[in-house]
Amino acid sequence: MTISVGDRVPSLTLTKATASGPDQVSSDDFFKGRKVAVVAVPGAFTPTCSARHLPGFVDKAGEIKAKGVDEIAFTSVNDAFVMGAWGKASDAGDITMLADGNADFAKALGLTFDGSKFGMGERSQRYSMIVNDGVVEQLNVEAPGEFNVSSAEYLLGEL
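Attention here is on the structure that accompanies the text. (Residues numbered from 1 in each chain as written. Predicted model: local features only at pLDDT ≥ 70, side-chain atom pairs only at ≥ 80, totals over all residues. Heavy atoms only, no water.)

## Topic: the packing of aromatic side chains
Per the stated rule, a full pass over the model turns up three aromatic pairs. Between Phe-57 and Phe-74, the ring centres sit 5.5 Å apart and the planes meet at 75 degrees, which makes this aromatic pair edge-to-face. Of this pair, Phe-57 sits in helix H2 (residues 47–66) while Phe-74 sits in strand E4 (residues 71–76), and the two are 17 residues apart along the sequence. Look at Phe-57 and you get buried, because its relative accessible area is 0%. Look at Phe-74 and you get buried, because its relative accessible area is 0%. Summarising the aromatic geometry, the rings of Phe-74 and Trp-86 are spaced 6.0 Å apart at their centres and angled 75 degrees between planes, so their arrangement reads as edge-to-face. Highlighted residues: Phe-74 in strand E4 and Trp-86 in helix H3 (residues 80–89), separated in sequence by twelve residues. (Phe/Tyr/Trp six-rings, centres within 6.5 Å; stacked < 30°, edge-to-face > 60°. Helix = DSSP H or I, 4+ residues; strand = E, 2+ residues; numbered from the N terminus. Buried < 20%, exposed > 50% of the residue type's maximum accessible area, 1.4 Å probe, protein only.)

What follows is the structure in structure tokens.
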């Protein structure tokens, strides 16, 4: 079942990419008491994700935070080292990189797809959502192959 507006984000362990390596944090603690923009992509360093998706949020981070968002987090079915390298290569210092190496977060949200024909296995769908104190306030899931409703510009317009 896919998560919906009004649902609580499932309790599980998230892995943050930090300068000192992977840092485990519970989703309950990560989302508690604050508004977080979560953006999911199929893969770090993939064409649309690297050329358009992450750069849009890097460029608009200040404007998004000015609208009351406390943190912007990018997640992908990659390990913490890859997510950290992607954040560093993209100059994404204002964005938290969350590794979902086993797709546990994507599966718990019901937002996966089979990327086997591309050699990628199970991956997260492309989406953005606003989570306020652990509850989904806004959810924007892309149609397969699309890049529109999960963009920084779209999310900014919805805040």
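## Overview of unusual backbone geometry
Phi is positive for Ala-103, close to 65 degrees, though the residue is something other than glycine. Of note, Asp-133 is a non-glycine position whose phi angle comes to about 50 degrees, a positive value. Of note, Asp-133 is situated in the loop between strand E8 (127–132) and strand E9 (135–141).

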